[in-house]
Amino acid sequence: MATQAASASSSSSQSSSSSSPRWNYDVYLSFHGDDTCNSFIDYLYAALKQKGINTFRDDKELERGKVISLELLKVIEKSQFAITVLSKNYATSKWCLIELAKIIGCKKEMEMTVLPIFYHVEPSEVRHQTGTIGEAFSKHEKDQKANIEDVQTWKDALRDVGNISGWHVDNRLHSIVIQEIIARILRELKISSVSKDLFGIESRVEELLEKYFCVGLDDVRFVGICGMGGIGKTTIAQVIHARISYQFEASSFIANVRQETEKSHLVSLQEKLLSKLLMESQIKLGGDHEGIDVMQKRLRNKKVLIVLDDVDSEEQLEALAGKLEWFGPGSRIIITSRDRHLLKRHVVDDNIYMAKMLNDKEALQLFCWGSFKKLYPDENYVGLCTDFVNYAEGLPLALKVLGSSLFDRKIHAWKSVQGQLKEHHIGNILDVLKISYDKLKDTEKKLFLDIACFFKGEDIDHIRDILQSFDCYPASNIDVLMDKSLITIVGGKLLMHNLLQELGKEIVRHESLREPGGRSRLWHYEDILHVLKTNTGSEVVEGIVLNTHVQEEYLNAEAFTRMKRMRLLKIGNVQLPEGLNYLPNELCIMEWHGYPLKFMPASFQPTKLVELKMHCSCIKQLWKGTKSLDKLKLIDVSDSKNLLETPNFSEVPNLERLILRGCLRLFKIHPSIGALKKLILLNLQDCKSLDSFPGKINLESLEILNLCGCSRLKKFPEIGEDMTCLLKLYLDGTAITELPPSFENLSGIILLSLKDCKNLLILPSVLCRLSALKTLILSGCSRLNKMPENLSGMKCLEELDASETAIREFPSSILHMTKLRKLSFHGCKDLPPKSWDLLYCCCLLLKESSGPISLLLPDSFSGLSSLVSLDLSDCNLLDGAIPNDLSSLSSLQLLNLSGNKFISLPDSICQLSMLRELSLRNCSRLRALPKLPSSILYVWAEDCTSLETYSNQIFVRTSSESVAIINCSRLLKYQEGIIRKVSLSNAQSILLIQNLKLKFQCGSRIRVLVPL
């Protein structure tokens, strides 16, 4: 918005010329000289001039009765305001009355604003022509030279002006009245001077005035406006200055403080500021210290509005607005800057407004105004406009420059500009943005370029260590770049405006325009291949990132030999038929997808390496013996099918993440893994050849251990006493038969997954001591036939999945798990008989000789008031298996009873007051649906082939958007059934019966065909 108009006031004439007249004067003064010339009018005229209000006053001595000149009537037409000073003798002058009639005509026809002042006369005297005004009209009516129609026009004009709210000057102080008049004029002049072409400005100005300015308060306040170059800081400040300056005794807008300081001393800005605020044209100072002294003495009792635009140094603020105490009560000082840290040193943080990008609608309007001079694009240009607007990402400067550059150009020219955007930037966009870059220190510039070329969009927590290894000092320099509005962090991601990213890349390109090998950073596919294939790299090259792999490429063994200072290498899809002789030892990050060799170069000693990623590589061994890698924090060689064993980690003390997922031939973990005291993540998922693990692990920092799919691993190691940090353990699909007693040392674990551990026979009793455990997955442990006693020790457990297990007993202590939210016994059937009288599920009925055993449920589910989901599908439940008292399941929302053998369901289902979904799929013996609670949303009853309707009919009560699916194909002929009551709110409900879809609205009574 700062760039939507170079000057809000200077552009007003262009934007408004088509819709309103252009004024030669701000104010026309109409008065009778004998009454007011030597007093009130003189003061009023002087005050108007002092405020810069262009005012016309006829100083000639005019004889009464003379004909008014046409030139003077034209002056009235070209004035925006008319101040009519209606005094006792005003109506005695035909000249004044002709002026007044013309003024009233301009008010009606040309939207002139008329401001009447009733100077020692009553408004009613003016309206009704009584008193001295009435006496004057008596004389006009008797004057034989007077035209009766003119006299009537004068009377009408007086009546109209008398009905306008104005100022009554009788006993009031002239100075107060004059101040009120000027404030009114300034308010309207300032508002009308703001360009109408400023899209999105109003909401931002209103937010600032409401939240930050509080103009009515008497405190002195500094207000900062911060943001990247071209975002609109200056324009916002201009509009606010124009909007509220009339409320202050004096105001001053000092534009381009940064540039002005570079061209001249701060003293000149002090002189300019004081001249404006003190309304003295010739203020000369001996130095900036004298300027500070003058401001402290002469402004401390004056209510002022100051705008300091584009400030970039502490010295500027100290010289122009050093302290709050310099200014009078109610003063407001606006400071715009790209540097938030500078503002925070001078302005209360709560008073710093971060300028926002334009939204899509505002951006399109601004762009179209520049390119079409209207608010919407021509039909054939819609797609192109969208592309340009997306490119600008809401930056007003870019939108304005792009839009104006495309004005009145044909569509082929638009397409040409679109194709050249990233190589040939239009106008001065990057020049404006580069100002902030030029102010950075060397390490800050280095960080900016790294982010622009390599790290935009990366997780900030992930790349801090990387940037630290680059000597970019991210702990402080990231804050610097944020304060200077060059980067942002949103949702933990490091973000940068597209144009700032292009600026960074353009700076790097200019390091060596012809030869890419002479640039510090390479990211362009063709440039990288050129450098690597022609061996034209140099020591200047610090980073190569090849994100796209168009086709497989072949490199020679010396490809990296000359790039000895390279610290970042991300590459893939290349072959090395001659091998590889050299990799830079300065590498901090190495990411090589599909590394084609079995070993690293023998000379490779990457002592600064922080991350090593080699997905799908052919590596057989990472290194031989020991290697000092004390900075290394990540090793990820996932899906490296040739890797046989892990290396010796004894000199890799800071490793935090070790990811070996999918290394199918990996069979050995080196015992030195126990030395990794800072290891947080160990992922060995799908290492199918791994059959052993070190006998004991005591990784004190480990949080996640993933052994899923290690199908040959039969024994889980002993747990050391220091492994209290482990949060998640995945053992899915392993061949383990039991867990060690030392499992109790995992006191912090919240998730334990043993899914499909087919050989697991028993769980240790110490499992009950895992008081932090929230999720326990046992599904598919088909040989697990017993749970440990006293499960109440797992007091935080929220999810228990025992689907398709062979558990024989389930302790009653389960009922004390008051936080349990999700419980599943899906497929628990065909189990050996076991008689018990516990209160909760998973007890077994005696097996019938001809069929599977049913799951025995307790008489009550008391104690499980937090349960939200209960899955008892495929448990061979018969009639009477479900308790008659379900009221304790007060939170239950999902109940799955699919695949069971009952004929009917108990009425206790209706007690589930929160139930939203009921699944009864494949209940082939079910004949009737129960009465359902009003909370129900979904009923799934496909393939309930015995379902019938009875004379008491089906009740379906639903709320919100609801679906009931019922398939009842038991008999061939149809009979009319009635859904007697349907209660709905908000939306339709859909009833699907035998592939027949019926939609019904609220309150309707529906007859449907139901097969019986």
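Residues numbered from 1 in each chain as written. Predicted model: local features only at pLDDT ≥ 70, side-chain atom pairs only at ≥ 80, totals over all residues. Heavy atoms only, no water.

**Q** Now, about the overall build of the chain: what can you tell me, with residues and values included?
**A** What the chain contains, in helices and strands, is 26 helices and 42 strands. Counting contacts in the chain only where the partners sit at least 6 residues apart, residues at least 24 apart contribute 56% of the total. (Helix = DSSP H or I, 4+ residues; strand = E, 2+ residues; numbered from the N terminus. Contact = heavy atoms within 4.5 Å.)

**Q** How would you explain the pattern of salt bridges if you had to name every residue and give the values?
**A** This model, assessed by the stated rule, comprises 43 salt bridges. The salt bridge partner of Asp483 is Lys344, with a shortest N-O separation of 3.9 Å. With a gap of 139 residues between them, Asp483 in helix H24 (residues 474–483) and Lys344 in helix H16 (residues 340–344) connect regions that are remote in the sequence. With relative accessibility at 9%, the residue Asp483 sits in the buried group. We classify Lys344 as partly exposed; its relative accessible area is 38%. (Salt bridge = Lys/Arg side-chain N within 4 Å of Asp/Glu carboxyl O. Buried < 20%, exposed > 50% of the residue type's maximum accessible area, 1.4 Å probe, protein only.)

**Q** Any details on the environment of Ile411? Residues and values, ideally.
**A** As for its placement among the helices and strands, Ile411 is situated in helix H20 (residues 411–420). Overall, the relative accessible area of 30% leaves Ile411 in the partly exposed class. Considering only alpha carbons, one finds Ile411 and Leu384, 27 residues apart in sequence, at a separation of 8.9 Å. Each residue touching Ile411, except ones within four places of it in the same chain, is listed here: Asn380, Tyr381 and Leu384.

**Q** Can you lay out the sheet that holds strand S10 (residues 352–354) for me, pointing to particular residues and giving the numbers?
**A** Strand pairing in a sheet relies on backbone hydrogen bonds. The paired strands run either parallel or antiparallel. Here we have 5 strands laid out as an open sheet, ordered S7-S8-S9-S6-S10, and parallel in their pairing. A strand with exactly one partner marks an edge of an open sheet, and here the two such strands are strand S7 (250–254) and S10. For this sheet, the mean angle separating the axes of adjacent strands, direction not counted, is 10 degrees. Pairing of S7 with strand S8 (residues 304–308) involves 5 bridges; the strand directions are parallel. Within S8, the residue paired with Phe253 across the bridge is Val307. Taken strand by strand, helix H10 (residues 201–213) contacts strand S6 (221–226), strand S9 (332–337) and S10, and its axis lies near 145 degrees from that of S6. (Pairing = 2+ DSSP bridges. Axes fitted to C-alpha atoms, helices over the stretch in contact; angles between N-to-C directions.)

**Q** Outline the side chain of Arg519, listing residues and values.
**A** Tracing the backbone through its elements, the reader meets Arg519 in the loop between helix H25 (498–509) and strand S13 (521–522). From its side chain, Arg519 meets the backbone oxygen of Ser512 in a polar contact 2.8 Å long. Apart from the residues lying within four places of it in its own chain, the contact partners of Arg519 are Val508, Arg509, Glu511, Ser512, Leu513, Asp527, Val540 and Val541. (Polar contact = N/O pair within 3.5 Å; in protein donor to acceptor, adjacent residues only side chain to side chain.)

**Q** Can you tell me about the packing of aromatic side chains, naming the residues and giving the values?
**A** In total, this model carries 20 aromatic pairs according to the counting rule given. Geometrically, the ring pair formed by Tyr381 and Trp414 is edge-to-face, given 4.8 Å between the ring centres and 65 degrees between the ring planes. Here Tyr381 is found in the loop between helix H17 (360–372) and helix H18 (382–392), whereas its partner Trp414 is found in helix H20, with 33 residues between them in sequence. Assigned by exposure class, Tyr381 and Trp414 land together as buried. Within the aromatic cluster, the residues linked to one another by ring pairs are Phe367, Phe372, Tyr381, Phe388 and Trp414. If you follow Arg567 out to its NZ or CZ, it ends over the ring of Phe470, 4.4 Å from the centre. It is Lys624 that lies over the ring of Phe599; its NZ or CZ is 5.7 Å from the centre. (Phe/Tyr/Trp six-rings, centres within 6.5 Å; stacked < 30°, edge-to-face > 60°. Lys NZ or Arg CZ within 6 Å of the ring centre and 35° of its normal.)

**Q** Describe the pairing of strand S18 (residues 589–593), listing the residues and the values that go with them.
**A** Pairing analysis gives 5 bridges linking strand S16 (residues 568–572) to S18, with the strands arranged parallel. If you follow Lys570 over to S18, its bridge partner there is Glu591. Relative to strand S19 (residues 611–613), S18 runs parallel, the two being bridged by 3 bridges. The partner of Glu591 across the bridge, within S19, is Lys613.

**Q** Explain the confidence of the model for the chain to me, and be specific about the residues and the numbers.
**A** Confidence along the chain averages 83 in pLDDT terms, with 85% of residues attaining 70 or more. Across residues 61–66, confidence stays below pLDDT 50; counting only partners more than four residues off in sequence or on other chains, it has 5 contacts. Predicted confidence is poor over residues 831–850, with pLDDT under 50, and the contacts of this stretch with residues over four places away or in other chains come to 65 contacts. (pLDDT = per-residue confidence, 0-100.)

**Q** Explain the pairing of strand S4 (residues 113–119) to me, using residue names and the numbers behind them.
**A** Among the 7 residues that make up S4, 7 are buried, leaving the element largely enclosed by the rest of the structure. Of the two faces of S4, the one carrying Thr113, Leu115, Ile117 and Tyr119 and the one carrying Val114, Pro116 and Phe118 are both buried. As paired strands, strand S3 (residues 79–86) and S4 are joined by 6 bridges and run parallel to one another. Within S4, the residue paired with Val85 across the bridge is Ile117. Following the chain from S3 across helix H5 (residues 94–110) to the adjacent parallel S4, one finds a crossover that is right-handed. (Right-handed = clockwise from strand over helix to strand, strands pointing away.)

**Q** Could you give me a rundown of the sheet that holds strand S2 (residues 55–56), with the residues and numbers involved?
**A** Judged by pairing direction, the sheet is parallel, and its 5 strands sit side by side in the order S2-S1-S3-S4-S5 without closing on themselves. With one partner strand each, in any of the chains shown, S2 and strand S5 (167–169) form the two edges of the open sheet. Against the sheet, helix H4 (residues 70–77) engages strand S1 (25–30), S2 and S3, with an angle of about 125 degrees to S1. Along the sheet, helix H8 (residues 148–162) makes contact with S3 and S4, crossing S4 at roughly 90 degrees.

**Q** Describe H24, listing the residues and the values that go with them.
**A** Here H24 has its buried residues at Pro474, Asn477, Ile478, Leu481 and Asp483. Of the surrounding elements, those touching the buried residues of H24 are S6, H16, helix H22 (442–455), helix H23 (460–469) and strand S11 (488–490). A positive phi of about 60 degrees marks Ser485, the residue just after H24.

**Q** Run through the nonpolar core, naming residues and quoting values.
**A** Counting 131 residues, the largest nonpolar core has Phe560, Trp592, Leu684 and Leu754 as the members making the most contacts within it. Going through the elements one at a time, helix H26 (525–534), S16, S18 and strand S36 (938–941) are the ones with two or more residues in this core. The element that contributes the greatest number of residues to this core is H26, accounting for 5 residues. Once you skip the residues sitting within four places of it in the chain, Leu754 turns out to touch Leu731, Asp732, Ile736, Leu739, Leu760, Leu763, Ile777, Leu778, Ser779 and Cys781. In terms of nonpolar packing, the next biggest core, distinct from the first, is built from 84 residues, Val205, Ala355, Val432 and Leu467 among them. (Core = buried A, V, L, I, M, F, W, Y, C linked by side-chain atoms within 4.5 Å.)

**Q** Describe the packing of H22 against H24, and please don't skip the residues or the numbers.
**A** Between H22 and H24, the least distance of the axes is 10 Å, while the angle of their chain directions is 75 degrees. One finds that H22 runs roughly perpendicular with respect to H24. The segment H22 lies against H24, with Thr443, Glu444, Leu447, Phe448 and Ile451 engaging Asn477, Ile478, Val480 and Leu481. Among the residues forming the contact of H22 with H24, the class breakdown is 6 nonpolar, 2 polar and 1 charged. (Parallel < 35°, antiparallel > 145°, perpendicular 65-115°, else oblique. Nonpolar A, V, L, I, M, F, W, Y, C, P; charged D, E, K, R; others polar.)

**Q** Go over the side chain of Ser485, please, and point to the residues and values.
**A** Positionally, Ser485 belongs in the loop between H24 and S11. If we ignore the near neighbours within four places in the chain, the residues touching Ser485 are Cys226, Gly227, Met228, Arg338, Met354 and Leu500.

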